[in-house]
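# Inside the fold
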Amino acid sequence: MTSPIEAVRWSPDASAVRIIDQRRLPEHYVERDLRTLDEVVEAIQTLSVRGAPAIGVCGAMGLAVAAEAGTSASPSFHADLRRIALAIREARPTAVNLAWAVDRVMALVDAAADRDTVLAVLRREATRILDEDRAMCRAIGEHGSALIADGARVLTHCNAGALATGGMGTALAPVYVAHGRGLRVAVFADETRPLLQGSRLTAWELARAGVPVTVISDNMAASVMRSGHVDLCIVGADRIAANGDVANKIGTYGVAVLARHHGIPFYVAAPTSTIDPATATGADIVIEQRAAEEVAVPFGVRIAPVDASIHNPAFDVTPAELVTAIVTDTGIFRGPYRFT
Ligand code: MRU
């Protein structure tokens, strides 16, 4: 039995947010301690910590430590705190969990309270968010495992496993629960260009847990499905709009189209913190655009000429009609979706 992955947690003396540096995997397992605003924002923006629930948890915990390090008991304390909260909230735009977590913590701050009182509130609520995320992952796993039959072959995209959350993952949680119960379940991991979260992270954590995993490059998914090797797809989400449109890692939409063409169920697994009733449809979701170098010079090797233009949206939107069901911590929802 391997020890559980803890992508985000408090350091042993609780002075820092301890993360697994996901840029170094699968070759090196390295942990990092975040203490300042700059460290928290940099870790989120460079995907040292990544995945919608994980950046939500890290945002809340990071706010607590950054406020401790970056404020004093001066008259400007509350203004300084708001500035720190805003910088963390805006570190990445697409995953609603980050804004949700920061807003949730800040909503508890009494503008008349002194610094020590506020810092204690920040810490307590951040810890609650971490604990709740763990519980939500487990509940997603329990609900979602009903979709997995013995011998099932699951295709997933990007990494929506333990590395992407405070707990056991979202899309991979049903796989872990089924595997833990002795069912035979195998996973195809799309490698997920350009940053390869599928091959670097999903394959790493599944192999570590003893779940059979096969890495395929993204352009192989169609033929693998056509060959009859995939029984179901499960992916995570960065934001689910009120009508069930789903923003997730770029390439997810293509997987959904392929699944529909081949008559394969396409499931999205996400905690309720990823559902954003304030966003009416996928058209309202801000899609993060990332640096051209991620596509043109991945991992330090130039694979596109300097003169070529590069398009690098980090996410796409899968329309609700392609989503067979959404697995959440409160149960399984089928369309038409109306999240309020
Ligand atoms: O850019 P990333 O690696 O943070 O993107 C992550 C994803 O798209 C995940 O599928 C999503 O956040 C769900 S994680 C449980």
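Right above here is the structure, for reference.
Quick caveat: nothing in here was measured; it's all calculated off a predicted structure. (Residues numbered from 1 in each chain as written. Predicted model: local features only at pLDDT ≥ 70, side-chain atom pairs only at ≥ 80, totals over all residues. Heavy atoms only, no water.)

## Some remarks on the overall build of the chain
- Looking only at helices and strands, the chain has ten helices and 14 strands in total.
- Whereas a compact globule of 340 residues would reach a radius of gyration of roughly 20 Å, the chain reaches 20 Å, a difference of no more than 12%.
- When its C-alpha atoms are laid out on the principal axes, the chain stretches across 65 × 50 × 45 Å.
- With the model as given, the accessible surface of the chain reaches about 13,800 Å², and the carbon-plus-sulfur share is 55%. (Helix = DSSP H or I, 4+ residues; strand = E, 2+ residues; numbered from the N terminus. Rg over C-alpha atoms; globule rule 2.2 N^0.38 Å. Areas by Shrake-Rupley, 256 points an atom, 1.4 Å probe, with all protein chains shown as cover.)

## A few points about the site of the ligand
- Taken together, 19 residues are adjacent to the ligand, and R50, A52, D238, N248 and K249 come closest.
- Within the side chain of R50, one N or O atom sits 2.5 Å away from an oxygen atom of the ligand.
- Expressed as a share of its isolated accessible area of 410 Å², the protein-covered part of the ligand is 100%.
- Among the detected pockets, the ligand sits in the largest cavity. (Near = heavy atom within 4 Å. Polar contact = N/O pair within 3.5 Å; in protein donor to acceptor, adjacent residues only side chain to side chain. 1 Å grid on protein atoms, 1.4 Å probe; cavity = no way out; pocket = protein on both sides within 12 Å on 5 of 7 lines; lining within 4 Å. Sits in = over half its atoms within 2 Å of the grid points.)

## Notes on the pattern of salt bridges
- This model, assessed by the stated rule, comprises 22 salt bridges.
- Of the charged contacts, one joins E6 and R134 as a salt bridge, the two residues approaching to 3.3 Å between their closest N and O atoms. Here E6, found in the segment before β1 (8-10), pairs with R134, found in helix α5 (residues 115-144); they are 128 residues apart in sequence, far enough to count as distant.
- For E6, a relative accessible area of 30% puts it in the partly exposed group.
- Notably, a salt bridge pairs E288 with R290, separated by 2.7 Å at the nearest N-O pair. An identical accessibility class is assigned to E288 and R290; each is buried.
- What emerges from the salt-bridge pattern is a single network uniting E6, R9, R18, E31, D33, D131 and R134. (Salt bridge = Lys/Arg side-chain N within 4 Å of Asp/Glu carboxyl O. Buried < 20%, exposed > 50% of the residue type's maximum accessible area, 1.4 Å probe, protein only.)

## So, the environment of A69
- Topologically, A69 is positioned in helix α2 (residues 52-70).
- Owing to a relative accessible area of 53%, A69 belongs among the exposed residues under this scheme.

## A short note on the packing of aromatic side chains
- The full count for this structure, using the stated rule, is three aromatic pairs.
- Look at F333 and F339: their rings are 5.6 Å apart centre to centre, the planes differ by 70 degrees, and that puts the pair in the edge-to-face class.
- Given the relative accessible area of 35%, F333 is considered partly exposed.
- A relative accessible area of 11% means that F339 is categorised as buried.
- Centre to centre, the rings of Y337 and F339 are 6.0 Å apart; their planes meet at 15 degrees, and the pair counts as stacked.
- Lying across the ring of W10, R123 places its NZ or CZ 4.6 Å from the centre.
- One Lys or Arg, K249, reaches over the ring of F315 and ends 4.4 Å from the middle of that ring. (Phe/Tyr/Trp six-rings, centres within 6.5 Å; stacked < 30°, edge-to-face > 60°. Lys NZ or Arg CZ within 6 Å of the ring centre and 35° of its normal.)

## Some words on the pairing of strand β9 (residues 246-249)
- Bridge analysis of strand β8 (residues 239-241) against β9 gives two bridges, and the strand direction is antiparallel. Of the residues in β9, the one forming a bridge with I240 is V246.
- Taken together, β8 and the strand that follows it, β9, pair antiparallel across an intervening segment of four residues, in which G244 is found at a positive phi of about 90 degrees.
- Where β9 lies against strand β12 (residues 315-318), four bridges are found, and the strand directions are antiparallel. (Pairing = 2+ DSSP bridges.)

## Structural notes on the packing of helix α1 (residues 37-45) against α2
- Where α1 contacts α2, the two axes come as close as 9 Å, and the packing angle between them is 170 degrees. Between α1 and α2, the crossing angle belongs to the class labelled roughly antiparallel. In the packing of α1 onto α2, the handedness of the crossing is left-handed. Facing L37, V40 and I44 of α1, the residues of α2 in contact are I55, C58, G62 and A66.
- Looking at side-chain class alone, the contact of α1 with α2 contains six nonpolar, one polar and no charged residues. (Axes fitted to C-alpha atoms, helices over the stretch in contact; angles between N-to-C directions. Parallel < 35°, antiparallel > 145°, perpendicular 65-115°, else oblique. Left-handed = near helix turned anticlockwise from the far one by under 90°. Contact = heavy atoms within 4.5 Å. Nonpolar A, V, L, I, M, F, W, Y, C, P; charged D, E, K, R; others polar.)

## Considerations on unusual backbone geometry
- Look at the link from L25 to P26: it is a cis peptide, with omega at 5 degrees.
- Position of P26 among the secondary structure elements: in the loop between β2 (17-20) and β3 (31-34).
- Residue P194 follows R193 across a cis peptide bond; omega there is 0 degrees.
- In this model, L196 sits at a positive phi of 60 degrees, which is unusual for a non-glycine residue.

## Remarks on the packing of α1 against helix α3 (residues 77-89)
- The N-to-C vectors of α1 and α3 enclose an angle of 15 degrees; their axes lie 9 Å apart at closest approach. One finds that α1 runs roughly parallel with respect to α3. Crossing of α1 over α3 shows right-handed handedness. Residues L37, V40 and V41 of α1 touch α3, and the partners they reach there are R83, I84, A87 and I88.
- A per-class count over the contact of α1 with α3 returns six nonpolar, no polar and one charged.

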